[in-house]
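Given next are the chains, with one letter for each unit.
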Amino acid sequence: MDQNVVSISQDIRDMKIRGAGRIARAGATAVCRFAEGYSGTDLTSFSRDLDDAVKVILDSRPTAVSLWNGVHASIKGVKEASGVEEAKEILIRNSNEFIAESNEAVQNIARIGAKRIEDGDTIMTHCNSSVAIGVIAEAHRQGKDIKVYATESRPWRQGILTVNDLSREGIDTTLIIDSAVRLVMKKVDKVFVGADTITSHGALVNKIGTSQVALAAKEARVQFYVCSETYKFSPLTLEGDLVKIEEREISEVVRPGEIPDSVKVFNPVFDVTPSQYIDGIITELGLISPGSVYDILEKKFGTELMKE
Ligand code: RUB
């Protein structure tokens, strides 16, 4: 197995590379490295080895469809190549294109999303979404006076990354523990979160606790926005597939010996926010309603994907 594929996949599994956008670009990078390092000349062996590499990459984290989409965008058309050299060229070109488009989408979402933020707004964000942070930072750069409450996001505490990112931008930032969300919501005007996956019926799959933030926002009549590239829309859910919710090690929650062995620990790391809690999804194509996800998926993937 290609060593780059193995080590990038391991870094995703260990959360050294994390966040749905970054893992998608890392997945595309892994298949690109596979192509660059491939020295064989037999197309059948190349295809088989590529299938194995893709499997290792996709197995690294199950929930974010961005990884699946990033890898599938990279391997598109490879099976139709006439030889190994052509297959390698297609792979390298596709993955570079995916990475460039992904970075461009993040910038466009920042520009579009910043328009939803007004001078004087207090914002809440959850976990560590580079796309949501991009929106907030862009509004700040435009001179809007904003305050941000960022949740700690147990157990991995990605909120620590978020407050570091926001304060580096010079934004007035307050860290809160996850259980303070409902209390603090009274002071908040808008919530901006990222996405790991958005289903064809407009539900959001994101860091565990996102649905509780959405519930508290709904109760307090606070607008709830999702910042998401359209490659986080899941074509698989068009056919009714469910999104697999990743469960991680109990060592992320408790220290050894802290609780009796008889006590079970359940550590799901994502949850599902139904579409009726979402005021808008800010994508690189514009601000859309959760009800439009199906149409975008159909346009993007058509029936071609469904036949694969
Ligand atoms: C990260 C998380 C983020 C999304 C979007 O979870 O839930 O909100 O992945 O991130 P984890 P981005 O830390 O478990 O990967 O906007 O950066 O793509």
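Keep in mind it's a predicted model, so treat the numbers as computed, not measured.

Enquirer: Explain the nonpolar core to me, and be specific about the residues and the numbers.
Expert: Counting 28 residues, the largest nonpolar core has Met-124, Met-185, Val-191, Phe-224 and Val-226 as its most contacted members. Counting only elements with at least two residues in this core, the list comes to helix H8 (181-184), strand E4 (190-193), helix H9 (210-219), strand E7 (223-227) and helix H10 (293-301). Sequence-distant contacts of Met-124, that is, excluding residues within four places in its chain, are made with Tyr-149, Ile-176, Val-181, Val-184, Met-185, Val-188, Lys-190, Val-191, Phe-192 and Val-213. Counting 26 residues, the second-largest nonpolar core is a separate cluster that includes Ile-12, Ile-23, Phe-34 and Tyr-38.

Enquirer: So what's going on with the site of the ligand? Which residues, and what values?
Expert: Lining the immediate environment of the ligand, one finds 18 residues, of which Arg-18, Ser-129, Ser-130, Asn-206 and Lys-207 sit closest. Separating an oxygen atom of the ligand from a backbone N or O atom of Gly-21 is a distance of 2.7 Å. In the model, an oxygen atom of the ligand is placed 2.5 Å from a nitrogen or oxygen of the Ser-130 side chain. Breaking the shell around the ligand down by element, the ones donating at least two residues are helix H2 (20-37), helix H6 (130-141) and strand E6 (204-207).

Enquirer: Please set out unusual backbone geometry residue by residue, giving values where relevant.
Expert: Note that the residue after Arg-154, namely Pro-155, is joined by a cis bond; omega there is 0 degrees. Mapped onto the secondary structure, Pro-155 falls in the loop between strand E2 (147-151) and helix H7 (158-168). The phi dihedral of Cys-127 falls on the positive side, at around 65 degrees, and the residue is not glycine. With respect to the helices and strands, the residue Cys-127 is situated in the loop between strand E1 (122-125) and H6. A residue is classified by how much of its surface remains accessible, and Cys-127, at 7% relative accessible area, is buried. Positive phi outside glycine occurs at Ser-153, with the angle close to 65 degrees. On the secondary structure map, Ser-153 appears in the loop between E2 and H7.

Enquirer: Outline the packing of aromatic side chains, listing residues and values.
Expert: A ring pair, where both rings are aromatic, is described by two values, the distance of the centres and the angle of the planes. If you walk through the whole model with that rule in mind, you get 5 aromatic pairs. Arranged with centres 5.5 Å apart and planes meeting at 50 degrees, the rings of Phe-34 and Phe-46 form a pair that is tilted. Pair noted here: Phe-34 is in helix H2 and Phe-46 is in helix H3 (residues 43-58), with a separation of 12 residues, a long-range link. One exposure class covers both Phe-34 and Phe-46, and it is buried. An angle of 65 degrees between the planes, with centres 4.9 Å apart, marks the rings of Phe-98 and Tyr-231 as edge-to-face. Here the residue Phe-98 occupies a position in helix H5 (residues 84-114), and Tyr-231 occupies one in the loop between E7 and strand E8 (270-273), the gap between them amounting to 133 residues. As far as burial versus exposure is concerned, Phe-98 and Tyr-231 are alike and both buried.

Enquirer: I'd love a proper account of the packing of H3 against helix H4 (residues 65-75), names of residues and values included.
Expert: Contact geometry of H3 with H4 gives a least axis separation of 10 Å together with a crossing angle of 160 degrees. Between H3 and H4, the angle is such that the two are roughly antiparallel. With respect to the hand of their crossing, H3 and H4 are arranged in right-handed fashion. Residues Leu-50, Val-54, Ile-57 and Leu-58 of H3 lie in contact with H4, whose contacting residues are Leu-67, Trp-68, Val-71, His-72 and Ile-75. Classifying every residue of the contact of H3 with H4 gives 8 nonpolar, 1 polar and no charged.

Enquirer: Describe the sheet that holds E2, listing the residues and the values that go with them.
Expert: The strand order across the open sheet built from 7 strands is E3-E2-E1-E4-E7-E9-E10, with neighbouring strands paired in mixed fashion. Each edge of the open sheet carries a strand with a single partner, namely strand E3 (172-176) and strand E10 (286-288). Here the average twist between neighbouring strands, direction ignored, is 25 degrees. Helix-sheet contacts for H5 involve E4, E7, strand E9 (280-283) and E10, and the interaxial angle to E9 is about 135 degrees.

Enquirer: Summarise the pairing of E7; cite the residues concerned and give the values.
Expert: Of all 5 residues in E7, 4 are buried; the element is thus mostly enclosed. Inspection of the sheet shows E7 paired to E9 by 3 bridges, in the parallel sense. Bridged to Tyr-225 within E9 is Gly-280.

Enquirer: Quick rundown of the pattern of salt bridges? Include the residues and the values.
Expert: Inspection of the entire model under this criterion finds 17 salt bridges. The partner of Lys-55 in a salt bridge is Asp-59, with the nearest N and O atoms 2.8 Å apart. Residue Asp-59 is classed as partly exposed on the basis of its relative accessible area, which comes to 44%. Its salt-bridge partner being Asp-121, residue Lys-190 comes within 2.7 Å of it at the nearest N-O pair. With Lys-190 in strand E4 and Asp-121 in the loop between H5 and E1, the pair connects residues that are 69 residues apart, well separated along the chain. A single burial state applies to Lys-190 and to Asp-121, both of which are buried.

Thresholds, definitions, all that
Residues numbered from 1 in each chain as written. Predicted model: local features only at pLDDT ≥ 70, side-chain atom pairs only at ≥ 80, totals over all residues. Heavy atoms only, no water. Core = buried A, V, L, I, M, F, W, Y, C linked by side-chain atoms within 4.5 Å. Buried < 20%, exposed > 50% of the residue type's maximum accessible area, 1.4 Å probe, protein only. Helix = DSSP H or I, 4+ residues; strand = E, 2+ residues; numbered from the N terminus. Contact = heavy atoms within 4.5 Å. Near = heavy atom within 4 Å. Polar contact = N/O pair within 3.5 Å; in protein donor to acceptor, adjacent residues only side chain to side chain. Phe/Tyr/Trp six-rings, centres within 6.5 Å; stacked < 30°, edge-to-face > 60°. Axes fitted to C-alpha atoms, helices over the stretch in contact; angles between N-to-C directions. Parallel < 35°, antiparallel > 145°, perpendicular 65-115°, else oblique. Left-handed = near helix turned anticlockwise from the far one by under 90°. Nonpolar A, V, L, I, M, F, W, Y, C, P; charged D, E, K, R; others polar. Pairing = 2+ DSSP bridges. Salt bridge = Lys/Arg side-chain N within 4 Å of Asp/Glu carboxyl O.

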